[in-house]
Amino acid sequence: LVIKTTRSSLPSLPAASLPLLTAHRVFSPAGPSADTAMVNGDGAHEHTGEADSKRDGSSETDGGEDSNEQEVIVIQDTGFTVKIQAPGTEPFDLQVSPQEMVQEIHQVLMDREDTCHRTCFSLQLDGNVLDNFAELKSIEGLQEGSLLKVVEEPYTVREARIHVRHIRDLLKSLDPSDAYNGVDCNSLSFLSIFTDGDLGDSGKRKKKGNELEQIDCTPPEHILPGSKDRPLVPLQPQNKDWKPMQCLKVLTMSGWNPPPGNRKMHGDLMYLCMVTVEERHVSVTASTRGFYLNQSTTYNFNPKPSNPSFLSHSLVELLSQISPAFKKNFTAMQKKRVQRHPFERIATPFQVYSWTAPQVDHAMDCVRAEDAYTSRLGYEEHIPGQTRDWNEELQTTRELPRKNLPERLLRERAIFKVHSDFAAAATRGAMAVIDGNVMAINPGEETRMQMFIWNNIFFSLGFDVRDHYRELGGDAAAHAAPTNDLNGVRAYGAVDVEGLYTLGTVVVDYRGYRVTAQSIIPGILEREQEQSVIYGSIDFGKTVVTHSKYLELLEKTSRQLKVHRHNVLNEKNEAVELCSSVECKGIIGNDGRHYILDLLRTFPPDLNFLPVDGEELSPESQRQGFPRPHPHRLACLRQELIEAFVEHRYLLFMKMAALQLMQQKPTMNGVLEPAAAVNGECKSPLEGKELEESIPGLAQAKELAETLVAEDGSCIDPKSREVVLNACKAVGSISNTSFDIRFNPDIFSPGVRFPDDSADDIHKQKQLLKDAAAFLVSCQIPSLRIGISELITRCAKHIFKTYLQGVELSALSAAVSHFLNCFLSSFPDAVAHLPPDELVSRRKSRKRRNRVPGGGDNTAWASLTPNELWKNIASEAKSYYHFTLQCESVDQVVEKYGFQKTTLLREISVKTGIQILMKEYNFDSRHKPAFTEEDILNIFPVVKHVNPKASDAFHFFQSGQAKVQQGFLKEGCELINEALNLFNNVYGAMHVEICACLRLLARLNYIMGDHAEALSNQQKAVLMSERVLGIEHPNTIQEYMHLALYCFANGQLSTALKLLYRARYLMLLVSGEDHPEMALLDSNIGLVLHGVMEYDLSLRFLENALAVNTKYHGARSLKVALSHHLVARVYESKAEFRSALQHEKEGYTIYKNQMGEAHEKTKESSEFLKYLTQQAVSLQRTMNEIYKNGSNASITPLKFTAPSMASVLEQLNIINGIIFIPLSQKDLENLKAEVQRRQQLQELGKRAPSTATFCYGGIGGGGWHGEQQCGPKSALK
């Protein structure tokens, strides 16, 4: 397997020189269907702004990317093989692609086991050196079978440093300490421990006799249903490969660096000190010719070569000659390194931090030491000109051409690369700012007001300086504004209008401070803000200016962002036209680009948390106690909510138009029922989906609406036009001829005034906002579960933020452990341990305090008590969330709500960046606190940034899903594969969207019968989820469950159980047993245990699943019916027919009541009941015979059937949402005709329910058999 290198290991290049990796085959991307949502597990990754849907009255997209256009691009994929000849090794073949660059072959050689120790070499073809950045197809004479020679090149200081860094990485390649320390985009993965390595070809277990006998099915005690034990240590099982294989004791830079002038003239570049495993101390010279031993000692400089000097071109060759242990262990280590799955080794695009870590010995590390002291902070070695001009890089990549697919791929890849680099640099800088390592640009001001520039990035703190936010909530508003602004940057970035620029923005929370990092507009620092702003307002609307070019650019974004163009009054009472909120500022930089910044009010305000004098909310909001006061006045509606509200209104619009068309009445009398639905309330979330079937005129209404948009409307009769006009008015559309809902973001902004002539319009906009607020509380929120543990940990986080601001660095671990004791420990008198130096030297600490932003008394934190903290949490819950928490201690909370302290610990640690020592904590001891300062290992930043999207790949993904929904699995599979290819092209090998793609591919492979391929893809999905989301992220738990299903289908029963046990352990840790998803997990475990005839264990899990389903779905739910059936099957296998009958009767009753007697499920259950009754009667007869005749009884043997693997697999498929329906030839023909008929309907704009040969419970799994109506109505949920 040749893995293309991740871009984080490639030098950062000017965007134009980034290579285009292979994007094979012929592309024919269809635009995304307006009605297909991305199915992505829990829907956590929003894809708003990708493509504007047709319902908004236009399908225009900028930059020639019309999604209806079929573009076909052929990218040649004639891969070929070249021979590589490296010094000291046999020639070997390497498969390459014409689109690759020479540099990528370099990376492959630096990763290969036999050539990994080389870094400074060139590739030569027939004596000619190949250019690193040339594409292979451009190299004359390079063809199938060509011989490329690896030729050692002379070192420079830069190349020698790169070589030492690379050797260090190879020596540390099995060491997880970089992942624990959260550096260089390393992160943890534990899958291989549960699968004993790779699941591919080697994963099949060898059968010895009866395989079932060899399987140890016993789960660890702590994961059994009902267990109260929640150990922390199993979260990170120790990998035997991580036990350090020592190759070298010490490798550091020598104190004799840099070489004096006379030695430079002998070719000395730098000096290294090493101690071998055999305790031999050596001093090494890195010279232009390579590495050799010199005669220096620690206190005596003698640079002359030793005798022998062991001159070698690589450090590995040198060390192999002087240390037998190095030679042996290095070889063994590289063998292990290359055996690991590539996804365990590749860097992630953004850093993932672990909240737990074992105690790791701190080892000497020359590379980390050099990083710390040479301040790699200030520059990147591989960039000419050193510091990177982030703003120029971010904007230049946006300006790259995007007319066709290869151009767009190159552009999106460059954008993504620069963004991930910028996020990493901004995070490093923000930490340096808070740690006091960066000088302020206004050092004379109070620390809260200081601003910083570092590495061409501007940093500001989240405090209300100069009372800027006084009317909006002071510091609370200043803390909320950066995240609102980031959401605005994200939204405008996704719309991606040519000529409109936003700043690179990263928000970092670290040690209680919020830091905003932004790229710098050229020239902004040389002029006053008043002179720079040519659009918008710098004082929240008191003075306002506008600019025609900005209006033109912002108008292009307004349809997708639902922003209404409107007039406001300036200080002279003149009307000023805006197409954004007044806070949005337009500045033309010295580079001539049009920048917008301060996008904190991109989305309209949430009136539920914005009491306004003289304004009343809808009755629905008022009934629930809204509006409520909030600490700041910047609460706004999320973009997803706006989308959902507009979707809801669109369905109403269609419904009204359809009803009028059917009645053909010119007035709206009697049609506008129910009125409640118009002002934001909704009867049921499914209302819209049923419309399609229930309203006869809907297709006609859609056609009419689209015709009105497409033409000038002159050919449409006045009656029809009036139908649309009435429907538009009723739903609050800004247009009278088409559905178009937009919001004025300045409504209810203090200080903003509107002209008198727009009073009508303003009234409508106010009503629209009230409707959206009502829609939120009546429609969206009821479908969410209120997470009280989430609420408590968020309140604790708010308090922790201000608590930490008064702590100086030397007391940090003591302060964090004290806070955790007050929050989680049952010990009532938690006392803080002040570091001794703080007690001794007051003067010293006062001096230091001035440098820390925020200042304050740095021992105040020590006076916090558990009682006081929980009182503060209760009052924060009341003031911020309006939730009454009647608990005064953690133990009361645990008892009242059934929480686990481990879950609360995980939540608070993840939210605040705390890393704690991996060990078992005794939270419940009343004699000593749970945490000591030694248990706090680190505090990490919590980073929010923009995630640039791969738009073409996403469109392919959507098209693939649409095909799958229509039942065209093969075509869908090809499109998803293509999407995977393009995602890899833009993001590199690791990304959360690639994870979703692999999961869907695995599921399709499985449905199409290719179990081995399903295993391979799902294994990648699990590894990637662990690496990019975290080892116990909810998505990771789901990925483990899917992998277990495919392992079971592939005959790997013990692996399937290990994976399910791991998933259950993680689920218990993250949310505890009381969670609806636990039912699905326990049903899976119970079924597999049933399959391996562990009946008693199986029952424990299945009965727990039954209890959880009953609690969350009600005793009459179809999920409960299926749970009863599964339990009955196990009792049947145990020959306990009475219990089996009892459960099956319950299931039968539910099926009969819910589905009717004629339904297939009811009949199946009835048949099974008859069979159980016969078996029970037969057993009773036998027992009676034995009682009657004793040992002379003639006994009819009973049929005890062990469950077949096929029947267990069938049930597993059902509970995981996959149902195979056997179809006859006639059925297939009918199906084809039905699909064609529906496609014709779709072309008319009618979205038809899809048809397929199977039922499929969504990518997240968890669809349940009985609730899917298989057949033409609903094929893929």
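Here the structure is a predicted model, which means the values were calculated and not measured. Within any chain, residue numbers begin from 1 and follow the written order of that chain's sequence. In keeping with the model being predicted, local features are shown solely for residues with a pLDDT of at least 70 and side-chain atom pairs are shown and tallied solely at 80 or more, while totals for entire chains, interfaces and linings include all residues. Side-chain calculation: all heavy atoms of the structure are included, whereas hydrogens and water are not.

**Re the pattern of salt bridges**
Okay, step 1: The salt bridge criterion pairs a side-chain nitrogen of Lys or Arg with a carboxyl oxygen of Asp or Glu, the two atoms within 4 Å. In the structure shown here, the tally under the stated rule is 65 salt bridges.
Okay, step 2: One salt bridge in this structure joins glutamate 445 and arginine 466, with 3.2 Å as the shortest N-O distance. Separated by 21 residues along the polypeptide, glutamate 445 in the loop between helix 12 (405-434) and strand 13 (451-454) and arginine 466 in the loop between strand 14 (457-461) and helix 13 (475-495) bring together distant segments of the chain.
Okay, step 3: Here arginine 649 ties to aspartate 771 by a salt bridge, and the two come within 2.9 Å at their closest N and O atoms. Counting from the N terminus, the helices are DSSP H or I runs at least four residues long and the strands are E runs at least two residues long.

**Section: the packing of aromatic side chains**
Okay, step 1: Aromatic pairs are defined between Phe, Tyr and Trp rings, using the six-membered ring for Trp, whenever the two ring centres lie within 6.5 Å; interplanar angles under 30 degrees are classed as stacked, those over 60 as edge-to-face, and all others as tilted. Taken as a whole, this structure holds 33 aromatic pairs when the rule is applied.
Okay, step 2: With centroids separated by 5.3 Å and ring planes inclined at 35 degrees, the aromatic side chains of tryptophan 256 and phenylalanine 301 adopt a geometry described as tilted. Remark: phenylalanine 301 occurs in the loop between strand 11 (290-294) and helix 7 (315-322) and tryptophan 256 occurs in the loop between strand 8 (248-253) and helix 6 (261-264); sequence separation between them is 45 residues.
Okay, step 3: Take phenylalanine 301: its relative accessible area is 28%, and that puts it in the partly exposed class.
Okay, step 4: Aromatic side chains tyrosine 921 and phenylalanine 923 sit 6.3 Å apart centroid to centroid with 35 degrees between the ring planes, which places their arrangement in the tilted category. The two residues tyrosine 921 and phenylalanine 923 agree in class, both being buried.
Okay, step 5: Aromatic rings pair up to connect Phe350, Phe416, Phe957, Phe983 and Tyr987 into one cluster. Relative accessibility thresholds used throughout: buried, under 20% of the residue-type maximum; exposed, over 50%; partly exposed, between the two (1.4 Å probe, protein chains only).

**Digging into the sheet that holds strand 5 (residues 121-125)**
Okay, step 1: Spatially, 4-3-7-5-6 is the arrangement adopted by the five strands of the open sheet, whose pairing is mixed. Strands at the two margins of the open sheet, each flanked by one partner only, are strand 4 (92-96) and strand 6 (128-129).
Okay, step 2: Looking at chain direction, strand 5 and strand 6 are connected through two bridges and run antiparallel. Residue glutamine 124 lies in a different strand from strand 6, and its bridge partner there is valine 129. Strands qualify as paired when DSSP identifies two bridges or more between them.

**A word on the side chain of histidine 798**
Okay, step 1: Within the fold, histidine 798 resides in helix 23 (residues 788-805).
Okay, step 2: When checking whether two residues touch, look at their non-hydrogen atoms; a contact exists if any pair is within 4.5 Å. Excluding its chain neighbours within four sequence positions, the residues that come into contact with histidine 798 are Glu876, Tyr880 and Tyr881.

**So, the sheet that holds strand 23 (residues 914-917)**
Okay, step 1: In spatial order, the strands read 12-23-24; together these three strands make up an open sheet with mixed pairing. Strands at the two margins of the open sheet, each flanked by one partner only, are strand 12 (356-357) and strand 24 (936-939).
Okay, step 2: Where strand 12 meets strand 23, two bridges bridge the pair, whose relative direction is parallel. From the neighbouring strand, alanine 357 faces strand 23, where its bridge partner is leucine 917.
Okay, step 3: Docked against the sheet, helix 24 (residues 812-824) engages strand 23 and strand 24, running at close to 105 degrees with respect to strand 24. Angular values range over 0 to 180 degrees, each being the angle between N-to-C directions of two axes fitted as lines to C-alpha atoms, with helices fitted over their stretch in contact.

**Details of a nonpolar patch on the surface**
Okay, step 1: The patch calculation keeps residues exceeding 30% relative accessible area without a salt bridge and links them within 9 Å when they carry like charges or within 5 Å when they are nonpolar (Val, Leu, Ile, Met, Phe, Trp, Tyr). The protein chains shown are the only cover counted for residues, whose accessible areas, like all others here, come from Shrake-Rupley with a 1.4 Å probe. A contiguous nonpolar patch, built from Met1183, Ile1186 and Tyr1187 and spanning about 310 Å² of accessible area, is present on the exposed surface.
Okay, step 2: Tracing the sequence through the fold places methionine 1183 in helix 40 (residues 1160-1189).
Okay, step 3: Since its relative accessible area comes to 31%, methionine 1183 is described here as partly exposed.

**A short note on helix 11 (residues 390-398)**
Okay, step 1: In terms of burial, helix 11 is a largely internal element, seven of the nine residues being buried.
Okay, step 2: Listed in full, the buried residues belonging to helix 11 are Trp390, Asn391, Glu393, Leu394, Gln395, Thr397 and Arg398.
Okay, step 3: Buried residues along helix 11 sit against helix 12, strand 14, helix 13, strand 15 (500-502), strand 17 (513-519) and strand 22 (594-597).

**Digging into the packing of helix 32 (residues 992-1007) against helix 34 (residues 1034-1049)**
Okay, step 1: Packing of helix 32 against helix 34 leaves a shortest axis separation of 11 Å and a crossing angle of 25 degrees. Between helix 32 and helix 34, the interaxial angle falls into the category roughly parallel. Pair helix 32 / helix 34 crosses with left-handed handedness. Residue-level inspection shows Cys995, Arg999, Ala1002, Arg1003 and Tyr1006 of helix 32 in contact with helix 34, the latter providing Asn1035, Glu1039, His1042, Leu1045, Tyr1046 and Ala1049.
Okay, step 2: Residues are sorted three ways: Asp, Glu, Lys and Arg are charged, Ala, Val, Leu, Ile, Met, Phe, Trp, Tyr, Cys and Pro are nonpolar, and all the rest, Gly among them, are polar. Taken together, the residues of the contact of helix 32 with helix 34 sort by class into six nonpolar, two polar and three charged. When describing relative orientation, an angle under 35 degrees is termed roughly parallel and one over 145 degrees roughly antiparallel, while 65 to 115 degrees is termed roughly perpendicular and anything else oblique. If you view the pair so one helix is near and one far, a crossing is left-handed when the near helix is turned anticlockwise from the far one by less than a right angle, and right-handed when it is turned clockwise.

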